[in-house]
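Examination of the molecular architecture
What follows is each chain in one-letter form.
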2 protein chains.
Amino acid sequence: MSTSRPTINDVAARAGVSKSLVSLAIRGSDRVSEESREAILRAADELGYRPNAAARSLADRRSRTIGVLLHDLHNPVFAQVLDGVQEIVRAHGYRTMLVTGHGDSQREREELTALLDFQVEGLILISHGLDPALAQQAARECPVVIVMRHDITGRGISTVCADDVRAGSEAVEELLALGHERIAHVSGGDNRVGADRELGYREAMIRAGLDHHILVEAGDFTESGGRAAAARLLERDPDITGLVVANDLSALGAVVAAEEADRSVPSDLSIVGFDGMSLAALGSLTLTTMVQPLEQMGRAAAEQVFRRITSPRSPLSQDQVISTWLPRGTTAPAPPRG
Amino acid sequence: MSTSRPTINDVAARAGVSKSLVSLAIRGSDRVSEESREAILRAADELGYRPNAAARSLADRRSRTIGVLLHDLHNPVFAQVLDGVQEIVRAHGYRTMLVTGHGDSQREREELTALLDFQVEGLILISHGLDPALAQQAARECPVVIVMRHDITGRGISTVCADDVRAGSEAVEELLALGHERIAHVSGGDNRVGADRELGYREAMIRAGLDHHILVEAGDFTESGGRAAAARLLERDPDITGLVVANDLSALGAVVAAEEADRSVPSDLSIVGFDGMSLAALGSLTLTTMVQPLEQMGRAAAEQVFRRITSPRSPLSQDQVISTWLPRGTTAPAPPRG
DNA sequence: TCGGGGCGTTGGAACGTTCCAACGCGCTAG
DNA sequence: CTAGCGCGTTGGAACGTTCCAACGCCCCGA
């Protein structure tokens, strides 16, 4: 027993067959005699043989791995999308390789590079801040599917998104139906998802003839960003009764800001988020939100990747999924005019 | 330009040098002349050359990768530990390869196998349900550090844990100090972390002479499990005024159960969690908890892995970190006896 | 003038696997 | 009785990289 790992050759020697036959047996080929198979598997077991994944992917020039770039792991929304991705990837006998960029473009570039160095056969990008150039460059080397933003296009890029503009409008319309008029918006910052939801907000306000009540402060999809932006809004216009916040995490922050400003939710102030993250259903005040089918988006993305892997000429898709209104504890009819 | 990727040989041909020199130049060796380096880097750039990680780790016999097994990604606690791990791993110029087992032992075995096939140089295991045999087997192939449970030992295994027994006791003692006596416990189920926190609870109750008020229901570290267990406790003994819940996620569930049982938190019922997960600080009712230094635990684990990689004979450590009481919105003095 | 040393450079071997063409054997059909 | 076939098996080449021993060259000192 030497210091380093046993190889296929060691197994072959021990079983008294050739390395080729060991290779076949290990992979479960049916063209190996029962006798040989048995001897080989026993030898492998006795030696503690473990196939070397690097040598494998070098020899067959494929890694059987899908790379996934996530914005970060703290927003549980990404975990939900990832569950959908993993389900499909595993069903295909592939593995996922997961990296996060923490919203830092330089770091996202490094992580993406590492994935491509690993010869991932497909790439799923789930990061609202993503630099389009990075995605386009990656798409020259393998199929790329971008989740949650549709504004990055190019050769080899498919997308899976929600109907963010419409969802933005619907959030407003539901508040209108509850009698709210002074509805303000905490945006998601400088990225397409945020911009779309904001656009939906603005359009719905205009359609309702409430242009003059349009009021927006920039958040950044984090809880603290949402809290700060909501605080600024409540200071700018104390008469606000409705708040459409760009995502659930920020909306949770907005709830805190509301209470700090002595507004009780939902009786004084209604708050709506986006995403439907599972943790927002917890706590004493469960969040009203525009739910996105997160796992389904993950599954759709993975399926598209495999479609493109198996037939590279298959058309690029631009999937869109539907968000739905989920009223919970943070919305109520507008208070009577004061 | 063939259909497949350019290799080091293509770069060499284009730059008019040998592949060996390209290899050196790409890795930034200083024994390459300025002239050659320039020609090589230009050629590589023009061809879109990308080093093949599989070939590299095969030739090197090292992957420069640390494997991390996470229980799952939905509990943000794991993301926090992971942040600490990544910080150290990146500082060493290594990469992390992340997998999750979702608490399924069979799946954890598969994922661990895949990591070992990839020749990870070290392994960090963060999963309370982990099968000890898996860890022990893995430890025969590379350094293993287990986070959050100290009961798995063996050759090649180090641990990084919190002082769970003491933390369990301290949670009780803080409630005692607030005047509570009927303090019940939602446990974390069949694993060591849960068992330790429960033990701490029991010991503190006994020390306080409150043996007869010891009351435990089993949760499973999830929000729904915590909710159900808390509901059972409140039904078994309506006079409970304090609830020590095995982790924050379950404690959030317990808050919901309390409200469903018409108990207001914290005036009727005080609730304490464990972990200090960041999302528990959100919402209208921020959770009182025994905080663990999660990122620090991640850093400690990664540092221990590298210590063992660089000097394999270095001693196995059993790090313990300190949990601290963090009073927030879910605890209050005990209500007067009814 | 020549020998030696350093420096930039080189080809070949190795890493552990998969693929491929080809082998020998026994069996069957002609 | 033999040609052909299928089956289980085999060695060698390939995958893209790193490492190593050795090369030629130039410069310096003797």
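Residues numbered from 1 in each chain as written. Chains lettered and ligands numbered in written order. Predicted model: local features only at pLDDT ≥ 70, side-chain atom pairs only at ≥ 80, totals over all residues. Heavy atoms only, no water.

**Some points on helix α1 (residues 8–15) of chain B**
Residue and element names in this part refer to chain B. What counts, and what does not: For each residue, the accessible area found with a 1.4 Å probe, counting protein chains only, is set against the maximum for its type, and the residue is called buried under 20%, exposed over 50%, and partly exposed in between. Counting from the N terminus, the helices are DSSP H or I runs at least four residues long and the strands are E runs at least two residues long. The directions from the helix axis to the C-beta atoms are what the arc is built from. Only heavy atoms matter for contacts: two residues are in contact if any of them lie within 4.5 Å across the pair. Here a polar contact means two N or O atoms within 3.5 Å. Within protein one must be a hydrogen donor candidate and the other an acceptor candidate, and residues neighboring in sequence count only if both atoms are side-chain atoms.
Along α1, the residues that are buried comprise Val11, Ala12 and Ala15. Buried residues of α1, seen end-on, are gathered within an arc of 100 degrees and therefore sit on one face of the element. As for α1, its buried residues are in contact with α2 (19–26) and α3 (34–47). N-capping of α1 is provided by Thr7, with a side-chain oxygen placed 3.0 Å from the backbone N of Asn9. Residue Gly16 follows α1 closely and has a positive phi angle near 70 degrees.

**Quick look at the relation of the copies chain B and chain A**
Basically, it comes down to this: Overlaid copies result from least-squares superposition on C-alpha atoms, with residues included only where pLDDT is at least 70 in both.
Note on the copies: chain B fits chain A at an RMSD of 0.1 Å, the axial shift is 0.0 Å, and the rotation between them is 180 degrees. Both chain copies can therefore be described as sitting about a two-fold axis. If distances are taken from each C-alpha of chain B to the rotation axis, the shortest is found for B:Ala54, at 2.2 Å. When the interface residues of chain B are mapped onto chain A, 100% of them again fall at the interface, so both copies present the same face.

**Structural notes on the environment of B:Val99**
If you trace the backbone, B:Val99 turns up in strand β2 (residues 95–100). As a C-alpha pair, B:Val99 and B:Asn75 span 24 residues in sequence and 15 Å in three-dimensional space. Leave out the neighbours within four places in its chain, and B:Val99 touches A:Arg95, B:Val68, B:Leu69, B:Leu70, B:Glu111 and B:Leu115.

**Examining the nonpolar core**
Soluble globular proteins tend to pack their nonpolar side chains together in the buried interior. Keep this limit in mind: Take the buried Ala, Val, Leu, Ile, Met, Phe, Trp, Tyr and Cys residues and link them wherever side-chain atoms come within 4.5 Å; each set so joined is a nonpolar core.
Ranked by size, the top nonpolar core spans 112 residues in total, and within it A:Ile124, A:Leu243, A:Ile271, B:Ile124, B:Leu243 and B:Ile271 carry the most contacts. Those residues in contact with B:Ile271 that lie beyond four places of it in its chain are B:Leu243, B:Val245, B:Ala251, B:Ala254, B:Val255, B:Ala258, B:Val265, B:Thr288, B:Thr330 and B:Thr331. Formed by 42 residues, the second largest nonpolar core is a distinct cluster that contains A:Val99, A:Ala135, A:Cys142 and B:Ala138.

**As for the sheet that holds strand β6 (residues 183–187) of chain A**
Residues and elements named next belong to chain A. Note the following rule: A pair of strands counts as paired when DSSP detects no fewer than two bridges linking them. Here the axes come from fitting lines to C-alpha atoms, over the contacting stretch only for helices, and the angles between their N-to-C directions go from 0 to 180 degrees.
An order of β7-β6-β8-β9-β10-β12 is seen for the six strands of this open sheet, with the pairing classed as mixed. The strands lining the two open edges of the sheet, one partner per strand, are β7 (216–218) and β12 (324–326). Adjacent strand axes in the sheet meet at a mean angle of 20 degrees, parallel and antiparallel pairs treated alike. Note: strand β8 (residues 242–245) against strand β9 (residues 270–275), three bridges, orientation parallel. Bridge pairing links Leu243 to Ile271 in β9. Packing against the sheet, helix α9 (residues 192–207) makes contact with β6, β7 and β9, and its axis sits at approximately 165 degrees to β6.

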